[in-house]
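# Examination of the molecular architecture
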Amino acid sequence: MPKEPLRYEKMVESALRGVVRDALKEVEDAGMPGNHHFYLTFRTGYPGVAVPSYLSEQYPNEMTIVLQYQYYGLEVMDDHFAVTLSFHNKHERLVVPFAAITTFADPSVNFALQFQPLNAEDEVDLEAIPPHPATDSPPDEDKEEAPKRGEVVALDAFRKKQ
């Protein structure tokens with residue numbers, strides 16, 4: 001029997017990064033719905049991040065990109081995504097591992113996730129989390145919607161204090 005305690009904080013972190021992957025996958029498959037748009041902040045120096053050198057020089061620690069109107073060739077894999085964006089009227093391909101993401105936000109629905117920066121040795125096992133199945137059920141029009149409010153989920157509350 002393992003003597004290591006269960007690492008719930010890593011499990012939660014993995015699950016929430018899976019939410020980011022699933023949202024991007026839905027956009028890859030069907031396009032950006034309605035007024036949705038994503039702000040993704042990631043560590044530019046994280047292993048596996050590929051950005052043009054002038055961008056990594058300009059943003060040596062973190063960079064925020066917006067996926068809304070002008071993004072091209074979004075590809076979502078199990079552990080990373082790739083997208084082409086325009087910088088100074090030039091199309092550039094970016095590759096971002098999900099483990100490099102520090103913030104994901106969709107302001108159109110007041111939703112945001114904030115992650116602790118991971119070190120390269122901290123693995124996030126996104127492959128262990130099955131993607132959420134798409135639901136084709138129509139919304140229930142008779143139900144009143146609760147008022148929407150912004151909510152940032154910080155994972156610090158789940159971390160063990162040392």
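As shown above, the structure is provided for reference.
Residues numbered from 1 in each chain as written. Predicted model: local features only at pLDDT ≥ 70, side-chain atom pairs only at ≥ 80, totals over all residues. Heavy atoms only, no water.

### Observations regarding unusual backbone geometry
At H88, a residue that is not glycine, the phi angle is positive and equals roughly 50°. Note that H88 resides in the loop between β4 (80-87) and β5 (90-97). H88 sits in the exposed class, given a relative accessible area of 67%. Positioned with a positive phi, N89 is a non-glycine residue whose angle comes to about 60°. Mapping N89 onto the fold places it in the loop between β4 and β5. (Helix = DSSP H or I, 4+ residues; strand = E, 2+ residues; numbered from the N terminus. Buried < 20%, exposed > 50% of the residue type's maximum accessible area, 1.4 Å probe, protein only.)

### What about the nonpolar core?
Counting residues in each nonpolar core, the largest one holds 31 residues, and the members touching the most others are L24, L40, F42 and F81. Discounting residues that sit within four places of it in the chain, F42 has contacts with V49, V51, N61, E62, M63, I65, L94, V96, A100, I101 and T102. (Core = buried A, V, L, I, M, F, W, Y, C linked by side-chain atoms within 4.5 Å. Contact = heavy atoms within 4.5 Å.)

### Remarks on the environment of V49
Structurally, the position occupied by V49 is in the loop between β1 (38-43) and α2 (53-58). It is 4.8 Å that separates the C-alpha atoms of V49 and V96, two residues lying 47 residues apart in sequence. Those residues in contact with V49 that lie beyond four places of it in its chain are F42, R43, T44, V95, P97 and A100.

### Brief notes about the sheet that holds β5
Pairing in this open sheet of 3 strands is antiparallel, and the strands run β3-β4-β5 from one edge to the other. What marks the edges here is a single partner per strand, and that holds for β3 (71-76) and β5. In this sheet, neighbouring strand axes are inclined to one another by 15° on average, regardless of whether the strands run parallel or antiparallel. Taken together, the 4 bridges between β3 and β4 define a ladder with antiparallel strand orientation. Paired with Y71 across the bridge in β4 is L85. (Pairing = 2+ DSSP bridges. Axes fitted to C-alpha atoms, helices over the stretch in contact; angles between N-to-C directions.)

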